[in-house]
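# Breakdown of the fold
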Amino acid sequence: MKRERLTMSQALVKFLDNQYVEFDGVETKFVTGMFGIFGHGCVVGVGQALEQGGHSLRFYQGKNEQNMALAAVAYAKQMDRRAIIPCVSSIGPGATNMVTACGCATANRIPLLVLPGDTFACRQPDPVLQQAEFFDNYGRTVTDAFRGVCHYFDRIVRPEQLMTACLNAMRVLTDPADTGAVCLAMPQDVEGEAYDYPEHFLQKRVWHLDRRPIALSQLERAVELIKNAEKPIIICGGGVRYSGAEQELLDLAVKHNIPITETQAGKGIIDWKHPLNLGGIGVTGGKAANVIARDADLIIGVGTRFTDFTTSSKWLFNENRKVLGINICPFDAFKMDAEAVIADARDAVVAIDEALGDYETKYTGEIAAAKTEWDSIVDGFYHTELEGGLSQTRALGIINEFMGDDDIALGSAGSLPGDMQRLFRAGNRGTYHMEYGYSNMGYEINGALGAKLACPDKEVYTFCGDGSFLMGHSELYTALQEGLKINVCVFDNLGWGCIENLQNNQGTDTFGTVFRARNPETGMLDGEDMTVDFAKIAEGYGAKGYSIHNSAELIAALEDAKKQTKSVVFDIKVMPKTMTPGFESWWRVGVAEVSKSETVAAAYKDMQENIAKTFDY
């Protein structure tokens, strides 16, 4: 057996450089580059391996470990989970900075490989710089924090362990049903230790993303369930996108007259103009989808996780409804007490469509009426000017209507995802990119870098509030460094407006959710508004900044930004509390059971009344 003597890090780089995936006969490179921030825990290990060459991986210099890993999440999502950029860090804070990004990846079922440095396996120089000591277990390190947010965790304490660790990492990263974050923790001494690795481990390896067909018994149960339904609806989730099943799902809907509703992950793959597409469903959904869903007798979830926002905390559907869960992941297929179909979305939908024969629902004109009304509501939000200034929905409408069909819209947290699921009219497939499984504030700008790396020829517009901008915008610098243009739309409403609304709606007065200075007279954060010039921050980085206070200035800035070749930041000053309201939905949050406030007591009573209308599982 031929072998090659390499350090563990050199073998890791060579292994990753030779990983490929095959899907429907198309073979693509799975690992295209590597994000990293070097420190003493990795610079002489993985850093040395990358520096000496002999590989095709492009190195991207991150500026914050959490943010570069979020960019990697966005890259994998934009690539439909068929390519990744691993992230390498030093030990200590560099490692644990990536824990949040791993939670984000796992919640969204997105493959992310993190390679944090770890403390010495030999323990000779302990405690080293940045090592946290645990008195109950000397073998425990801060990288154990990754266990709670990863689908696979391994600590490589001998160089030969790399082989089983890498193969199991790839198994998870390429599994459509069991993917998420993967952590290979690497003690800094082991990173530099050598071993005679067999050549076959280092050679090109192709991982096949085979479609999993629907079983005959599952097909029979699914068809019977649908044929017994008079008014079913379809919930289109992210699994439809990753399966490439959008056309087959639309064919099923058209043939049998079944309305389609969208989750955040499933939005934008069925044309919003199609007569059967009722748009977003649930807490951040629109009136059309939620009204029709309330009367549905069968909920057909295709590739959805049935989150609380999709189901309105299991409040949305009537008590007589039944559920059919079509999902490649068994964990998701059985949710909502569903009749589970564990199969690839496209293959399952095609088989069900054919087996239904001439079945047709009992809908008459209610689908068209609901859609017509909703389109009119959206137009109203998009085109209404308010006397006091620029509203958030008007600004969103201007940008949405300015964008081209191939431009990518990206978002994550705050009130904008609700506005976007309800109102945004997406262009072509793959142009609506929303991270909402983790609602990760700070994803937006960093995610825009990842999306741009995936689609360098497309314009990327990322939508974030001032709160999200302040939480994480370091990779704007990396975008400038790489010569990549991203369009950052900062909606500045002077605080965490989404959470303030939630706070107020549950009976609590505004507290700690707006950005105001400390008042020396009251000792509280109720002083003057803290105004920030985000355009100047952009210019300090070397980006182009625009200060915007009204519709005319926004339109002019968008036009000028098209001429720019570097990243731009639109500092859009919008009036607080001008986001969209909820439509025929309810969301369960914890409300104080006892309070001196009458409004809080009323909110608690309302919560109990709505809980009585929900399903427990």
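The structure contained in this document is the topic of the report that follows. (Residues numbered from 1 in each chain as written. Predicted model: local features only at pLDDT ≥ 70, side-chain atom pairs only at ≥ 80, totals over all residues. Heavy atoms only, no water.)

### What about the overall build of the protein?
For clarity, the cut-off: Note on conventions: DSSP H or I runs of at least 4 residues are helices, E runs of at least 2 residues are strands, and numbering of each starts at the N terminus. Throughout, radius of gyration means the C-alpha value; the globule benchmark is 2.2 Å times the number of residues raised to the power 0.38. In what follows, residue pairs with any heavy atoms lying within 4.5 Å of each other are defined as contacts. For the purpose of counting charges, residues Lys and Arg are taken to be positive, whereas Asp and Glu are taken to be negative. His and the chain ends are not included. In plain terms, the charge of a residue is placed at NZ if it is Lys, CZ if Arg, CG if Asp and CD if Glu.
Within the protein, the secondary structure is distributed over 25 helices and 23 strands. Radius of gyration (C-alpha) of the protein: 25 Å, near the 25 Å computed for a compact globule of 617 residues. The C-alpha extent of the protein, read off along each of the three principal axes, is 70 × 70 × 55 Å. By sequence separation, contacts in the protein at least 24 residues apart represent 76% of the contacts at least 6 residues apart. Here the protein contributes 58 positive and 81 negative side-chain charges, whose respective centroids are spaced 3 Å apart.

### Considering the sheet that holds strand β5 (residues 58-61)
Selection rule: At least two DSSP bridges between two strands are needed for those strands to be called paired. Axis geometry follows a simple rule: fit a line to the C-alpha atoms, using only the stretch in contact for helices, then measure angles between N-to-C directions, giving values from 0 to 180 degrees.
With parallel pairing, six strands are arranged side by side in an open sheet as β5-β4-β6-β7-β9-β8. Across the chains shown, the open sheet's two edge strands, defined by having one partner strand only, are β5 and β8 (152-155). The sheet shows a mean angle of 20° between the axes of neighbouring strands, taken without regard to direction. Helix-sheet contacts for helix α1 (residues 8-17) involve β4 (33-36), β7 (112-118) and β9 (181-187), and the interaxial angle to β7 is about 175°.

### A short note on the pattern of salt bridges
Where we set the bar: Definition used for salt bridges: Asp or Glu carboxyl oxygen within 4 Å of a side-chain nitrogen of Lys or Arg. Throughout, exposure labels follow a simple rule: accessible area from a 1.4 Å probe, protein chains only, divided by the maximum for the residue type, with under 20% read as buried, over 50% as exposed, and the rest as partly exposed.
Taken as a whole, this structure holds 32 salt bridges when the rule is applied. Between D353 and K255 there is a salt bridge; the shortest N-O distance is 3.8 Å. With D353 in helix α15 (residues 345-356) and K255 in helix α11 (residues 246-256), this residue pair connects regions lying 98 residues apart in the sequence. The class of D353 is buried, set by a relative accessible area of 12%.

### Things to note about a nonpolar patch on the surface
This is how the line gets drawn: Patch membership is restricted to residues that have no salt bridge and whose relative accessible area is over 30%. Joining uses 9 Å for like charges and 5 Å for the nonpolar side chains Val, Leu, Ile, Met, Phe, Trp and Tyr. Surface accessibility follows the Shrake-Rupley procedure with a 1.4 Å probe radius. Residue values consider only the protein chains on display as shielding.
Judged by side-chain polarity, F38, V43, V44 and F59 come together as a nonpolar surface patch covering roughly 330 Å² of accessible area. Inspection of the secondary structure puts V44 in the loop between β4 and α2 (46-51).

### Focus on empty space enclosed by the protein
Defined as follows: Buriedness for pockets is judged along seven lines, at least five of which must meet protein on both sides within 12 Å for an open set on the 1 Å grid over protein atoms alone, while cavities are sets there where a 1.4 Å probe fits but cannot get out, and lining residues have an atom within 4 Å of a point. Grid points are joined across faces, edges and corners, and a volume is the space filled by probe spheres set on the points.
For the coordinates displayed, the defined rule picks out six cavities of 30 Å³ or more. Looking at the largest cavity, its volume works out to about 140 Å³. What lines the largest cavity is a set of 16 residues, among which W272, G279, W374, D375 and R422 lie closest to the centre. If you list the elements that add at least two residues to the lining of the largest cavity, you get β14 (277-280), α16 (366-383) and α18 (416-423).

### Focus: the sheet that holds strand β22 (residues 544-548)
Note: strands within a sheet are paired through backbone hydrogen bonds, in either parallel or antiparallel orientation. Overall, parallel pairing links the six strands, which are arranged β19-β18-β20-β21-β23-β22 in an open sheet. Edge positions in the sheet fall to β19 (432-434) and β22, since each of these pairs with one other strand and no more. Geometrically, the sheet is characterised by an average inter-axis angle of 20° between neighbouring strands, direction not taken into account. Pairing geometry for β22 and strand β23 (residues 568-573), over five bridges, is parallel. Residue pairing in the sheet places K544 in a bridge with V568 of β23. In the packing of α18 onto the sheet, contacts are made with β18 (408-411), β19, β20 (460-465) and β21 (487-492), and the angle to β19 comes to roughly 145°. Against the sheet, helix α19 (residues 443-454) engages β18, β19, β20 and β21, with an angle of about 170° to β20.

### Points about the environment of Q130
Position of Q130 relative to the elements: it lies in the loop between β7 and β8. The exposure class of Q130 is partly exposed, given its relative accessible area of 35%. Considering only alpha carbons, one finds Q130 and M471, 341 residues apart in sequence, at a separation of 24 Å. If near-sequence neighbours (up to four positions away) are discounted, Q130 is found in contact with H40, S90, I91, G92 and P93.

### Some points on the pairing of β23
For β23, the buried fraction is high: five of the six residues fall into the buried class. Where β21 meets β23, six bridges bridge the pair, whose relative direction is parallel. Note on β23: the bridge partner recorded for C489 is F570.

### As for the packing of helix α3 (residues 65-78) against helix α5 (residues 99-107)
We count it as follows: In this scheme, roughly parallel covers angles under 35 degrees and roughly antiparallel covers those over 145, while 65 to 115 is roughly perpendicular and the rest are oblique. Should the near helix be turned anticlockwise from the far one by less than a right angle, the crossing is left-handed, and should it be turned clockwise, the crossing is right-handed. Asp, Glu, Lys and Arg are counted as charged, while Ala, Val, Leu, Ile, Met, Phe, Trp, Tyr, Cys and Pro are counted as nonpolar; the rest, among them Gly, fall into the polar class.
Two elements in contact, α3 and α5, have axes separated by 8 Å at closest approach and are oriented at 20°. In this view, α3 runs roughly parallel relative to α5, as classed from their interaxial angle. Note on packing geometry: the crossing formed by α3 with α5 is right-handed. Residue-level inspection shows Q66, A69, L70 and V73 of α3 in contact with α5, the latter providing T100, A101, C104 and A105. Along the lines of polarity and charge, the residues of the contact of α3 with α5 split into six nonpolar, two polar and no charged.

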